[in-house]
Amino acid sequence: MPKQKTHSGAKKRFKVTGSGKLMKQQANLRHNLEGKSTRRTRRLDQEQVLAKGDAKVAKKLLGI
């Protein structure tokens, strides 16, 4: 039986914590940074826990 391959896009975007939660990088930090306050860019720089429904799909893509 062939093995399930890990989704290349998913493995670049999500990180699994020790407890099994999936972390993602917050959006809106790629361009037009001059228009965003330093406070906002610092907040956006933190990783976020993936929502429960999204995590279910992402785990399937990662083969977890």
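Computed from a predicted model, the values in this text were never measured in an experiment.

Criteria and thresholds
Residues numbered from 1 in each chain as written. Predicted model: local features only at pLDDT ≥ 70, side-chain atom pairs only at ≥ 80, totals over all residues. Heavy atoms only, no water. Helix = DSSP H or I, 4+ residues; strand = E, 2+ residues; numbered from the N terminus. Rg over C-alpha atoms; globule rule 2.2 N^0.38 Å. Buried < 20%, exposed > 50% of the residue type's maximum accessible area, 1.4 Å probe, protein only. Contact = heavy atoms within 4.5 Å. Areas by Shrake-Rupley, 256 points an atom, 1.4 Å probe, with all protein chains shown as cover.

Colleague: Explain the overall build of the protein here, please?
Modeller: Along the backbone of the protein there are three helices and three strands. Scanning the protein from its N terminus toward the C terminus, one meets helices and strands in the order α-β-β-α-β-α. In terms of overall size, the protein is more extended than a compact globule, its C-alpha atoms giving a radius of gyration of 15 Å where 64 residues would be expected to give roughly 11 Å. The principal-axis extent of the C-alpha atoms belonging to the protein is close to 55 × 25 × 20 Å. Counting over 64 residues, the protein shows a buried share of 19%. In the protein, 48% of the contacts between residues at least 6 apart in sequence involve partners at least 24 apart. Only carbon and sulfur atoms are counted for the fraction: they give 50% of the accessible area of the protein, which is about 5700 Å².

Colleague: Honestly, the side chain of Thr41 in this entry has me stumped. Any pointers?
Modeller: Within the secondary structure, Thr41 sits in helix α2 (residues 38-44). Residue contacts for Thr41: discarding those within four places in its chain leaves Leu29, Leu33 and Lys36.

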